[in-house]
Amino acid sequence: MEQHLTVTLARLRDAAELYRQLDAAQRHRDDAQQRQADLLALDAEYAADQEEVSRCDRDGRDEVRRLTDELAALTAKLADRRQRAATEAKLAAALAVDIASLARRRDELQARIREVQEQTARANAALAADATVAADARAGIARQREVLADRGRQAEAVVPEITEELAHLLRLLPPRVAGRLAQIARRHGDPVADLVQGACAGCGQTLPFQHAVDADRETALVICQGCGRYIIPRSSRRTRG
Ligand SMILES: [Zn+2]
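Residues numbered from 1 in each chain as written. Predicted model: local features only at pLDDT ≥ 70, side-chain atom pairs only at ≥ 80, totals over all residues. Heavy atoms only, no water.

A. Examining the coordination of the zinc ion more closely. Donor atoms from the polypeptide that bind the zinc ion are Cys200 (SG), Cys203 (SG), Cys224 (SG) and Cys227 (SG), placed at 2.2 to 2.3 Å. Read from N- to C-terminus, the donor residues coordinating the zinc ion fall into the pattern C-x2-C-x20-C-x2-C. Residue Cys200 is found in strand 2 (residues 199–200), and its partner Cys224 is found in the loop between strand 3 (222–223) and strand 4 (230–232); the two are separated by 24 residues along the sequence. (Donors = N, O, S within 2.8 Å, 3.2 Å for Na, K, Ca; no water. Helix = DSSP H or I, 4+ residues; strand = E, 2+ residues; numbered from the N terminus.)

B. Just helix 4 (residues 209–217), in detail. Looking at helix 4, one finds that the buried residues are Ala212, Val213, Asp214 and Ala215. Buried residues along helix 4 sit against strand 1 (192–196), strand 3 and strand 4. Once helix 4 ends, the next one or two residues include Glu218, with phi positive near 60 degrees. (Buried < 20%, exposed > 50% of the residue type's maximum accessible area, 1.4 Å probe, protein only. Contact = heavy atoms within 4.5 Å.)

C. Spatial organisation of the domain arrangement of the protein. What the domain assignment reports for the protein is domain 1 (2–173) and domain 2 (190–232). Here the C-alpha centroids of domain 1 and domain 2 sit 54 Å apart. Opposite the eight residues of domain 1 that make contact, domain 2 presents nine residues. Across the interface of domain 1 and domain 2, roughly 900 Å² is buried in total on both sides, 73% from carbon and sulfur atoms. In terms of surface lost to domain 2, no three residues of domain 1 exceed Leu5, Leu9 and Leu12, which account for 50% of the buried area on that side. Taken together, domain 1 and domain 2 are joined by two salt bridges. One salt bridge in this structure joins Arg13 and Glu218, with 3.3 Å as the shortest N-O distance. At the junction of domain 1 with domain 2, the criterion picks out one residue pair in polar contact (both at pLDDT 80 or more). Of the residues contributing to the side of domain 1 that touches domain 2, the split by class is five nonpolar, one polar and two charged. (Domains from an automatic or database assignment. Buried area = accessible area lost by both parts, 1.4 Å probe. Salt bridge = Lys/Arg side-chain N within 4 Å of Asp/Glu carboxyl O. Polar contact = N/O pair within 3.5 Å; in protein donor to acceptor, adjacent residues only side chain to side chain. Nonpolar A, V, L, I, M, F, W, Y, C, P; charged D, E, K, R; others polar.)

D. Local environment of the sheet that holds strand 2. Pairing is mixed in the open sheet, where four strands are placed in the order 2-1-4-3. A strand with exactly one partner marks an edge of an open sheet, and here the two such strands are strand 2 and strand 3. Judged from the two bridges that link them, strand 3 and strand 4 form a sheet pairing that is antiparallel. Among the inter-strand pairings, Ile223 is bridged to a residue of strand 4, identified as Tyr230. On the sheet, helix 3 (residues 175–187) packs against strand 1, strand 3 and strand 4 and is oriented at approximately 105 degrees with respect to strand 4. (Pairing = 2+ DSSP bridges. Axes fitted to C-alpha atoms, helices over the stretch in contact; angles between N-to-C directions.)

In structure tokens:
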């Protein structure tokens, strides 16, 4: 009986280690996935910054194009009026007024085009710095995402290995213990808890004195009444000094 208990406790300790590894691998995998999602959201923000830069530039160039078209039409009109003023002497006075008004409008347009070009250039210069920051940030994010994807795949890859090793170990345990262990594992990733100063390290509940002594001396299989985990000292008293 004593011999069986010792073997069972040793296997529970091995199982505890495997459950810890499994839990860590799953957490690393989930963490990598979560960070991937965070990075994607951040990348979208930087992409929006870049979009803003090109939108501002596009708007400026669109307006200059529109004004330039207007200027060309107006210049043609002005040339036409001047020609008519030269040949139709009786209309000359009215045409002169028209010509003066068109020339004024042309000067305004030219001034407006220069203004828009300067504004766009200034805005572009200011935003160019943001665009560079955004481009650098996005490149950094892409690199981080690759690293995370690698890490996620690595974490994921060890899960089946550990699961298989655990299944093998569970088959070596007494069926009643293995069954309970699998059942607790569905609720807690770490179904075997360390005994820490007379308490369960899983839930923190203090064990009844005799249970703590039994667990420490490895004279009985102890179950925490708070969380149901098996309680074993982290290292066996047989190997402790
Ligand atoms: Zn507990």
